[in-house]
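Here are the chains, one letter per residue:
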Amino acid sequence: MKIIAYGIRDDEQPYLEQWSKEQGIEVKAVAELLDEQTVDLAKGYDGAVVYQQKPYTAAVLDQLAANGVTNLSLRNVGVDNVNADAVKRNGFKVTNVPAYSPAAIAELTVTQLMRLLRRTPTFDRKQAQGDLTWAPDIADELNQMTVGIVATGRIGRAAMRIYQGFGAKVIAYDVFHNPELEKQGIYVDTLDELYAQADVISLHAPATKDNDHMLDDAAFAKMKDGVWILNPARGALIDTDALILALDSGKVAGAALDVYEDEVGIFNADFKNFDAIPDERLKNLMKRENVLVTPHIAFYTKTAVKNMVQFALNNNKQLIETGRAENEVSFD
Ligand code: NAD
């Protein structure tokens, strides 16, 4: 059995080598992404492991199948950049990694909230200027707050456990009610109820057609004054213009954003200096001491990266051996 892995970064390489050694299976790692220039590298392999934001086009998938490779294992969750028609007509088997470390995302989310509540960005700046005074930067305590979790999937539940550990009251909204959480009585019936009660809103829903710009002018208007907003989920959930207005008015006390609606092509790029970042709205947010922007790094931990690589390789091995895999994605 031989597997080719595309787009392998330096930080992924050791986990790939470890798996290959433990399994006794040859894995060829290439740094390039899967595209028309690199698709022929897959000739002679039984499966391909991939991860990229650029599209897996029909032309590339047709050629990959012509090269004899129809077992395709993604190292991430999302499959929206995979051409579904080409998958179906070529009989591809596709797997993803639905959860690589929910705790990684939850831990960054709460870390950033604590930084906001304790005003650490302000104290870091003051101290760098030799100013060791306290006032006026008095903090808030999480244990006194109600946290509203939007979506109680794997990450929402991992975040919930941490908030509860801090002693916060947790309420939640989800279109699907988790039976265990239902027993604890944490669900509210509508987003409006969550907006009315929450001091902190922690977003953990996927982006769908229904929830595009879930947080818009109307939603912010329904929230408590001085609410804190956390988005480690998807940029499309927040209307950035509405957030900027709500920050300007003080309706929103502060925000921690690991995602941004126009992040593709900007996050994980080095523009060498702040002014060169080609997005004025993003810079507007980044300049604020009460807004913490991180470039989609919540997943970027050793545990999560190891799991993305090794779970994808396990899936690919299963496909090659049995024609089926636990994490197979349906394109019907
Ligand atoms: P999950 O599939 O376990 O849970 C998603 C939950 O969202 C489900 O309970 C579902 O019922 C609920 N949901 C769907 N639409 C909803 C809506 N309109 N309103 C309320 N609830 C809704 O997913 P997960 O593993 O917890 O991941 C959640 C999201 O986190 C992902 O979809 C992704 O967008 C994001 N994410 C971000 C990073 C990062 O690095 N920042 C990494 C992984 C995932």
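Look above for the structure.
Keep in mind it's a predicted model, so treat the numbers as computed, not measured.

Rules used throughout
- Residues numbered from 1 in each chain as written.
- Predicted model: local features only at pLDDT ≥ 70, side-chain atom pairs only at ≥ 80, totals over all residues.
- Heavy atoms only, no water.
- Helix = DSSP H or I, 4+ residues; strand = E, 2+ residues; numbered from the N terminus.
- Buried < 20%, exposed > 50% of the residue type's maximum accessible area, 1.4 Å probe, protein only.
- Contact = heavy atoms within 4.5 Å.
- Pairing = 2+ DSSP bridges.
- Right-handed = clockwise from strand over helix to strand, strands pointing away.
- Axes fitted to C-alpha atoms, helices over the stretch in contact; angles between N-to-C directions.
- Parallel < 35°, antiparallel > 145°, perpendicular 65-115°, else oblique.
- Left-handed = near helix turned anticlockwise from the far one by under 90°.
- Nonpolar A, V, L, I, M, F, W, Y, C, P; charged D, E, K, R; others polar.
- Salt bridge = Lys/Arg side-chain N within 4 Å of Asp/Glu carboxyl O.
- Lys, Arg positive; Asp, Glu negative; His and termini not counted.

## Quick notes on the environment of Val 188
Next, step 1: On the secondary structure map, Val 188 appears in the loop between α7 (179-184) and α8 (191-197).
Next, step 2: Under the relative-accessibility criterion, Val 188 is labelled buried at 6%.
Next, step 3: It is 24 Å that separates the C-alpha atoms of Val 188 and Ala 256, two residues lying 68 residues apart in sequence.
Next, step 4: Once you skip the residues sitting within four places of it in the chain, Val 188 turns out to touch Ile 171, Ala 172, Tyr 173, His 177, Glu 193, Leu 194 and Gln 197.

## Topic: the pairing of strand β3 (residues 47-50)
Next, step 1: Across the two faces of β3 the burial is the same, with Gly 47 and Val 49 and Ala 48 and Val 50 all buried.
Next, step 2: Sheet analysis places strand β1 (residues 2-5) next to β3, joined by 3 bridges and oriented parallel. From the neighbouring strand, Ala 5 faces β3, where its bridge partner is Val 49.
Next, step 3: Two elements, β3 and strand β4 (residues 71-74), share 3 bridges in a ladder whose sense is parallel. Within the sheet, the bridge partner assigned to Ala 48 lies in β4 and is Leu 72.
Next, step 4: Tracing the backbone out of β3, into helix α2 (residues 58-66) and back to the parallel element β4 gives a crossover that is right-handed.

## Side note on the sheet that holds strand β2 (residues 26-29)
Next, step 1: Taking strand neighbours across the sheet as the criterion, the 5 strands line up as β2-β1-β3-β4-β5 in an open arrangement whose pairing is parallel. Each edge of the sheet is formed by a strand with only one pairing partner; in this case those strands are β2 and β5 (93-95). The average angle at which neighbouring strand axes cross in this sheet is 20°, direction not considered.
Next, step 2: With respect to the sheet, helix α1 (residues 13-23) is in contact with β1 and β2, its orientation differing from that of β2 by roughly 160°.

## A closer look at the packing of α1 against helix α12 (residues 302-322)
Next, step 1: Direction vectors running N to C along α1 and α12 enclose 40°, while the axes themselves pass 9 Å from each other. One way to sum up the angle between α1 and α12 is to call them oblique. The chirality of how α1 crosses α12 is right-handed. Across the interface between the two elements, Tyr 15, Leu 16, Gln 18, Trp 19 and Gln 23 from α1 touch Lys 302, Val 305, Lys 306, Val 309, Gln 310, Leu 313, Asn 314 and Lys 317 from α12.
Next, step 2: Its residues assigned to classes, the contact of α1 with α12 comprises 6 nonpolar, 4 polar and 3 charged.

## Brief notes about the pattern of salt bridges
Next, step 1: Summed over all chains, the structure comprises 19 salt bridges.
Next, step 2: Put simply, Asp 137 and Lys 126 hold a salt bridge, and the shortest N to O gap is 2.8 Å. Of this pair, Asp 137 sits in the loop between α5 (120-128) and β6 (146-150) while Lys 126 sits in helix α5, placing them 11 residues apart in sequence. Both residues of the pair, Asp 137 and Lys 126, count as buried.

## Digging into the side chain of Asp 239
Next, step 1: Summarising the element assignment, Asp 239 is placed in the loop between β9 (227-231) and α10 (240-249).
Next, step 2: Within the buried set, Asp 239 has no salt-bridge partner at all; the shortest N-O distance to an opposite charge, 5.0 Å, is to Arg 281.
Next, step 3: Ignoring sequence-local partners within four residues, the contact set of Asp 239 consists of His 213, Leu 215, Asp 216 and Glu 261.

## Structural notes on unusual backbone geometry
Next, step 1: Look at the link from Ala 135 to Pro 136: it is a cis peptide, with omega at 5°.
Next, step 2: The topology assignment puts Pro 136 in the loop between α5 and β6.
Next, step 3: One non-glycine residue with positive phi stands out, namely Asn 268, at about 70°.
Next, step 4: Examined against the element boundaries, Asn 268 turns out to sit in the loop between β10 (252-257) and α11 (280-286).
Next, step 5: On the basis of relative accessible area, Asn 268 is assigned to the exposed category, the value being 78%.
Next, step 6: A positive phi angle, close to 70°, is found at Lys 272, a residue other than glycine.
Next, step 7: Here Lys 272 lies in the loop between β10 and α11.

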